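Listed here are the chains, written in short residue letters.
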Amino acid sequence: MMMTTAAADDDVPDPNTTSPTDYPMDTAKVRLYVMGSAVTSYNYVSDECYHCLETTLMHRAQPETEYYFDPVDTRWGINITVYRYNGSFQNSIKYHFAERGVYTLLVNSNTTPWDLSITEDAEPQMTWLPEVVFILGLLFLFILWQAFKIFLYWRKRWKHAPLTDSITEHPAAERIGSVDTFRGISLVIMIFVNSSGGGYWYFNHATWNGLTVADLVFPWFVFLMGTSMALSFKRRKGSNWEIFKKIFIRSLKLFCLGLFLNNGWNYKHWRIPGVLQRFGLSYFFVACLAAYVPAIPLCNKKIKGDPLVGEDSHKLLDLQQSGRMAISYMGKAVSDIVPYFLQWLIILACVAVCTCRAYDPEGLLGYLTSFFMCYLGLQAGRILTHHKQHAQRLVRWLLWGLILGSIAAGLCLFEKEGGPIPINKNLWSLSFVLALAGGGNICLSLCYIVEDVWKVWEGEPFLFMGMNSISMYCLSEVFGGYFPFSFQLPADTHWWLLSSNVLGVSVWVLVSYLMWREKLFISL
């Protein structure tokens, strides 16, 4: 804190209109002035902090003297509490400061209770302006690209030339464009937020409970991995051993690649949990489930009047017979496996937590819900493989999305900190998984409508990223700190940081496009 010269009795100091350009992003300059003769102290707590203890803002402030607090966080509102120096509570005030604004907190100790007021001495920066400019700029480039494509299309048609180099040309194996596009959108957002997301708090992970843009992409990757699994397993060939060997090798590759990206040369500081590690374990668990758990028998009976059944759909569940078989089989498996699994799980969790050692919140327990997330993605993929009509697929995806989202809303009671199970990304809580799986079904439906039903968009440029998602993610993790993917900022502002992040993501999109042009598709 900085203290200036004392002011005259009962005089309010003149406004300080000097903008604090030397202050970091997401902070404001707050001046304190106390009228009266009381010696005061100040604590605060952020609105983002749930049931947290107060933090000291200033320990002892003399009356009739100007003080400046340390840079105050502007990402969330704060509650400032004023005490006499002897610790007795006097009053409190809530306020949400704006970035690099200048404010004065005036405390009048001559009244009962003490009067607190905050005035704005200098206007803050318009932090929303860089976002609006970049969004409009990218939207303009996207429209320009679409117009250029239309021009090329009609020029080739006019010359009766074959329409080559179409984005709808996929590799030899048939792919669902909307799945790749949705995966590419998630990857672009992931690289952007990993680069710091322009310095905006909502492009960073939630502190604890709650949901931000950065919290969406990782679960959606797990969800789409399950969706792609259903498409690839439809074409699987070979014996059970060969299938298991492929599943194990791919899972091991993902896990080891994640260890390589997360850790350095000092193995004592290695972090075992991570993005690709979770991919690997989720893939192994759900792939084995999809490959070896017997499918429920289906019959060819049709039910008239069922809005979800089309003329070409002949396979409906025989609930009595197949239900008894499924319950018998799963009951035997659960009774044999669950006691040993839970015993092993609880022992490992207690070793990490109860011994008071450092532990990773995204550890073993969180992997269970990621398995569930992957399985829900597998269910979405099975809708693709089983149902052939657009309406059948869309109705089921939307129903899954609404049902899962409603259950998640009920678990958190539509509140950030409420309900028996709040939405929490760090723990991958059940409500978090259900909310993101529901959102994944709905977003997949939207991509499918635009790209595969209406055919008004071919998914570019996100399609390029989605078709090489693992390689693009790994390359961004390795080379993200080098130019042109990032550069040293000449000033600590959202303008420069957003420019650096957008440039880096754009270059990765360009790289994925060049790989697509050369038909270079890397998979594990």
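Owing to the predicted nature of the structure, the values given are computational and were not obtained by experimental measurement.

S.K.: Can you break down the sheet that holds strand 3 (residues 40–46) residue by residue, with the values?
M.R.: On the basis of which strands lie adjacent, the open sheet formed by four strands has the order 4-3-7-8 and antiparallel pairing. Each edge of the open sheet is held by one strand with a lone partner, namely strand 4 (55–61) and strand 8 (89–95). Between one strand and the next, the sheet's axes are offset by a mean angle of 20 degrees, whatever the strand orientation.

S.K.: Any details on the pairing of strand 3? Residues and values, ideally.
M.R.: The buried count for strand 3 comes to six of seven residues, which makes it a mostly enclosed element. Pairing of strand 3 with strand 4 involves four bridges; the strand directions are antiparallel. Bridge pairing in strand 4 links Tyr-42 to Met-58. Alignment of strand 3 against strand 7 (residues 78–84), held across seven bridges, turns out to be antiparallel. Residue pairing across strands places Ser-46 opposite Ile-78, the latter belonging to strand 7.

S.K.: I'd like to hear about empty space enclosed by the protein, residue by residue, with values.
M.R.: Applying the stated criterion to the full structure yields one cavity of 30 Å³ or more. Taken as a whole, the largest cavity holds about 40 Å³ of empty space. As for the largest cavity, its lining consists of Met-190, Phe-221, Val-275, Leu-276, Phe-279, Ser-469, Ile-470 and Tyr-473.

S.K.: Explain unusual backbone geometry to me, and be specific about the residues and the numbers.
M.R.: With the exception of glycine, the majority of residues adopt a negative phi angle, and the majority of peptide bonds are in the trans configuration. With an omega of -5 degrees, the peptide bond between Thr-112 and Pro-113 qualifies as cis. Along the chain, the position of Pro-113 falls in the loop between strand 9 (102–108) and strand 10 (115–122). The backbone of Asp-26 sits at a positive phi, close to 65 degrees, despite the residue not being glycine. Along the chain, Asp-26 falls in the loop between strand 1 (2–6) and strand 2 (27–35). Residue classification places Asp-26 among the buried positions, given a relative accessible area of 17%.

S.K.: So what's going on with helix 4 (residues 240–262)? Which residues, and what values?
M.R.: Between its terminal C-alpha atoms helix 4 stretches 33 Å, which fits the 33 Å expected from 23 residues at 1.5 Å a residue. All of the buried residues in helix 4 are Ile-243, Ile-247, Ser-251, Leu-254, Gly-258, Leu-259 and Leu-261. Against helix 3 (214–233), helix 5 (275–292) and helix 11 (469–479) lie the buried residues of helix 4.

S.K.: Can you explain the pattern of salt bridges? Please cite residues and give values.
M.R.: When their charged atoms lie close together, side chains carrying opposite charge are able to pair. Taken as a whole, this structure holds nine salt bridges when the rule is applied. When the shortest N-O distance is used, the salt bridge between Arg-75 and Asp-73 registers 2.9 Å. On the basis of relative accessible area, Arg-75 is assigned to the partly exposed category, the value being 32%. Classification of Asp-73 as partly exposed rests on a relative accessible area of 26%. Taking the shortest distance from any N to any O, the salt bridge between Lys-149 and Glu-458 comes out at 2.9 Å. Of this pair, Lys-149 sits in helix 1 (residues 128–158) while Glu-458 sits in the loop between helix 9 (430–453) and helix 10 (462–467); the two residues are 309 residues apart in sequence, bridging distant segments of the chain. Overall, the relative accessible area of 24% leaves Glu-458 in the partly exposed class.

Thresholds, definitions, all that
Residue positions within a chain follow its written sequence, with the count starting from 1. Totals for whole chains, interfaces and linings use every residue, but because this is a predicted model, local features are given only for residues with pLDDT of at least 70 and side-chain atom pairs only at 80 or more, for both listing and counting. The basis for every side-chain value is the complete set of non-hydrogen atoms in the structure, without hydrogens or water. One bridge is not enough; two strands pair if DSSP finds at least two bridges between them. Helix numbering and strand numbering both begin at the N terminus, where a helix is a DSSP run of H or I of at least 4 residues and a strand a DSSP run of E of at least 2. Axes here refer to lines fitted to C-alpha atoms; in helices the fit is confined to the stretch in contact. Angles between the N-to-C directions go from 0 to 180 degrees. Only protein chains enter the calculation, and the probe is 1.4 Å; a residue is then buried if its accessible area is under 20% of its type maximum, exposed if over 50%, and partly exposed in between. Only protein atoms enter the calculation, which uses a 1 Å grid: trapped sets of points that fit a 1.4 Å probe without letting it out are cavities, open sets showing protein on both sides within 12 Å along at least five of seven lines are pockets, and any residue with an atom within 4 Å of a point is a lining residue. Grid points are joined across faces, edges and corners, and a volume is the space filled by probe spheres set on the points. Helix span is expected to be 1.5 Å times the residue number reduced by one. The contact criterion used is simple: two residues touch if any of their non-hydrogen atoms lie within 4.5 Å. Any carboxyl oxygen of Asp or Glu within 4 Å of a side-chain nitrogen of Lys or Arg constitutes a salt bridge here.

Purely geometric stuff here, so don't read any function into it on its own.
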